[in-house]
Amino acid sequence: GTCHPRGGDDGLSWFFHTTTVAPKVRRTPPAWAARPAFAPFHWDGEFTDVAVLSRATTEALMEGDGLLVDFADIGAYLAELPPPMPRPAASADETALIEDGRALFTTAGCDTCHVGGTGTDGLRHEVLPAGTDLDAVLLSVDTPPLLAVRTHGPHFHDGRAATILDTVTIPGDLHGRTSTLTDDERSALVTYLESL
């Protein structure tokens with residue numbers, strides 16, 4: 001509950017370095033996203049089982065022994081945590097903007113990785129240019145689900161994108177083909193993403 005208050009996330013990027021974990025900077029994902037439909041887990045897709053993930057977090061990151069913890073129960077609990085509800089449109093104009101954004105989501109290629117009802121293909125992709133923090137370098141990242149993406153910024157594995165708008169303006173078209181979108185089109189795309 002420290003890093004995942006109310007089953008969500010703390011909005012922080014952490015520098016991890018323990019006796020068994022090499023130095024790395026990683027953004028806290030929401031706990032409700034640790035459900036079988038969203039596997040694999042962690043930004044590098046290291047875990048496919050929530051109970052194993054919970055044990056590794058307790059033992060490797062928190063340096064606990066886990067002796068009195070039923071990790072299967074934690075996995076079952078996390079599998080039942082609901083994501084935040086979609087945000088309803090505030091007006092007919094916003095509904096139209098959401099629909100425009102939904103179309104742009106497809107034409108910009110976002111639906112290539114963020115697929116189906118889960119919003120993830122479960123694969124790793126190169127979506128970011130390398131940052132300046134060597135501990136934050138991760139060449140390819142597991143596709144996170146987009147459900148309630150409005151509730152868990154900053155975004156990307158290292159938290160480099162403060163807002164959803166920042167995620168669709170990453171240079172180089174590594175993260176969708178968004179470089180040719182107009183400001184109005186980016187606004188529509190963001191409005192759609194914020195509605196999920």
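For the structure, check the block above.
Heads up: these notes are all about the structure in this document. (Residues numbered from 1 in each chain as written. Predicted model: local features only at pLDDT ≥ 70, side-chain atom pairs only at ≥ 80, totals over all residues. Heavy atoms only, no water.)

**Concerning empty space enclosed by the protein**
- Applying the stated criterion across every chain yields a total of 1 cavity of 30 Å³ or more.
- In this structure, the largest cavity encloses a volume near 30 Å³.
- As for the largest cavity, its lining consists of His 125, Glu 126, Val 127, Leu 128, Leu 138, Leu 139, Ser 140, Val 141 and His 157.
- Within the lining of the largest cavity, the residues separate by chemical class into 5 nonpolar, 3 polar and 1 charged. (1 Å grid on protein atoms, 1.4 Å probe; cavity = no way out; pocket = protein on both sides within 12 Å on 5 of 7 lines; lining within 4 Å. Points joined across faces, edges and corners; volume = space filled by probe spheres on them. Nonpolar A, V, L, I, M, F, W, Y, C, P; charged D, E, K, R; others polar.)

**Quick notes on the pairing of strand S2 (residues 24–27)**
- Residue alternation in S2 divides its side chains into two sets, Lys 24 and Arg 26 and Val 25 and Arg 27, and both sets are buried.
- As paired elements, strand S1 (residues 13–16) and S2 share 4 bridges and run antiparallel to each other. Each residue of the ladder has a partner; that of Ser 13, found in S2, is Arg 27. (Buried < 20%, exposed > 50% of the residue type's maximum accessible area, 1.4 Å probe, protein only. Helix = DSSP H or I, 4+ residues; strand = E, 2+ residues; numbered from the N terminus. Pairing = 2+ DSSP bridges.)

**Examining a nonpolar patch on the surface**
- A grouping of Leu 134, Val 137 and Leu 139 is seen on the molecular surface, where their side chains present a nonpolar patch of about 330 Å² in accessible area.
- Secondary-structure assignment places Leu 139 in the loop between strand S3 (124–125) and strand S4 (141–142). (Patch = residues over 30% accessible without salt bridge, like charges linked within 9 Å, V, L, I, M, F, W, Y side chains within 5 Å. Areas by Shrake-Rupley, 256 points an atom, 1.4 Å probe, with all protein chains shown as cover. Salt bridge = Lys/Arg side-chain N within 4 Å of Asp/Glu carboxyl O.)

**Notes on the packing of helix H3 (residues 92–107) against helix H5 (residues 183–195)**
- One way to put it is that H3 packs onto H5 with a least axis distance of 7 Å and a crossing angle of 100°. In terms of orientation, H3 and H5 fall into the roughly perpendicular class. Between H3 and H5, the contacting residues are Glu 94, Leu 97, Ile 98, Asp 100, Gly 101, Arg 102, Leu 104 and Phe 105 on the first element and Glu 185, Ala 188, Leu 189, Thr 191, Tyr 192, Leu 193 and Ser 195 on the second.
- Of the residues assigned to the contact of H3 with H5, the class counts are 8 nonpolar, 3 polar and 4 charged. (Axes fitted to C-alpha atoms, helices over the stretch in contact; angles between N-to-C directions. Parallel < 35°, antiparallel > 145°, perpendicular 65-115°, else oblique. Contact = heavy atoms within 4.5 Å.)

**So, the state of the cysteines**
- Tallied over the entire structure, the rule returns 0 disulfides.
- Cys 110 provides the cysteine sulfur closest to Cys 113, a residue in no disulfide bond, and the two sulfurs are 8.9 Å apart. (Disulfide = S-S within 2.5 Å.)

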